[in-house]
Amino acid sequence: MVNQTEGNIMTQQTSTDTLSKFFTDFPGPYSLAHGVDSVDRTVDLFCKSTQQFILGLSYWEDQQTAKINARTICIALESARQSKAQTALTEAETQTVRQFIQMTPGPFRTRFFPETGGRITSRPTWTVQCIHTGEVILGVESEEGCSSCQQITTAVNQALGLLRDQLADQP
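A brief look at the structure comes next. (Residues numbered from 1 in each chain as written. Predicted model: local features only at pLDDT ≥ 70, side-chain atom pairs only at ≥ 80, totals over all residues. Heavy atoms only, no water.)

## A look at the overall build of the chain
If you tally the helices and strands in the chain, you get four helices and eight strands. Mapped from its N terminus to its C terminus, the chain presents α and β elements in the order β-β-α-β-β-β-α-α-β-β-β-α. Burial status across the chain gives 41% buried among its 171 residues. Put simply, of all contacts in the chain between residues at least 6 apart along the chain, 50% involve residues at least 24 apart. About 9,300 Å² of surface is accessible on the chain, with carbon and sulfur atoms providing 49% of the total. (Helix = DSSP H or I, 4+ residues; strand = E, 2+ residues; numbered from the N terminus. Buried < 20%, exposed > 50% of the residue type's maximum accessible area, 1.4 Å probe, protein only. Contact = heavy atoms within 4.5 Å. Areas by Shrake-Rupley, 256 points an atom, 1.4 Å probe, with all protein chains shown as cover.)

Now the structure itself:
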């Protein structure tokens, strides 16, 4: 579950409800593809089993950071989805996640920008941010009545937290 704390900053409670709902809607596995959103290039995350688009990470020039963020989100969601199996990360996955944590060490929070014309986008947006650096890891623009935007960002936030904890437990 998620609760509102200060104004428009959302934080996670220890609950698997959001992840369970996310995995019901997007059962995985997940894949990445390059895309375009208007004038922005994107790295897009899809659910392979349902062929559904989940989110796109836009970038102008810093494609490398967008790829690292997208790969880490994909790894985090896969890891959380398979948590009962306690699957270990591959060496390549561990390297990607360590690069991500070096840039954005967490912990993470979900934040909603209800006003239009904000620094993230001209539409209301749900974001996942690193609390330590303030870096926006991803932003999901919210259409009117888009309940899945909050669900997606909250699930990613929780999955990143679980992955961060999992990596801390590895030697």
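## So, the pairing of strand 3 (residues 30–37)
Of the pairings in the sheet, the one linking strand 3 to strand 4 (residues 40–47) comprises eight bridges and is antiparallel in character. What sits directly across from V36, in strand 4, is R41. Taking the residues between adjacent antiparallel strands as the criterion, strand 3 and strand 4 are bridged by two residues, where S38 takes a positive phi near 60°. (Pairing = 2+ DSSP bridges.)

## Here we look at the pattern of salt bridges
Side-chain pairs of opposite charge can arise where the charged atoms are in close proximity. With the rule as written, the count across this model stands at two salt bridges. A salt bridge links D25 to K21, with the shortest nitrogen-to-oxygen separation between them at 3.0 Å. Within this pair, D25 and its partner K21 are both found in helix 1 (residues 17–25), separated by four residues, close to a single helical turn. You can call D25 partly exposed: its relative accessible area is 26%. Between R81 and E78 there is a salt bridge whose closest N-O contact spans 2.8 Å. One end of the pair is R81 and the other is E78, both in helix 2 (residues 63–81) and three residues apart, which spans about a single turn. (Salt bridge = Lys/Arg side-chain N within 4 Å of Asp/Glu carboxyl O.)

## So, the pairing of strand 5 (residues 52–59)
Where strand 4 lies against strand 5, seven bridges are found, and the strand directions are antiparallel. For V43, the partnering residue across the bridge sits in strand 5 and is L57. What sits between strand 4 and strand 5 in their antiparallel hairpin is a turn of four residues, with Q51 showing a positive phi close to 60°.

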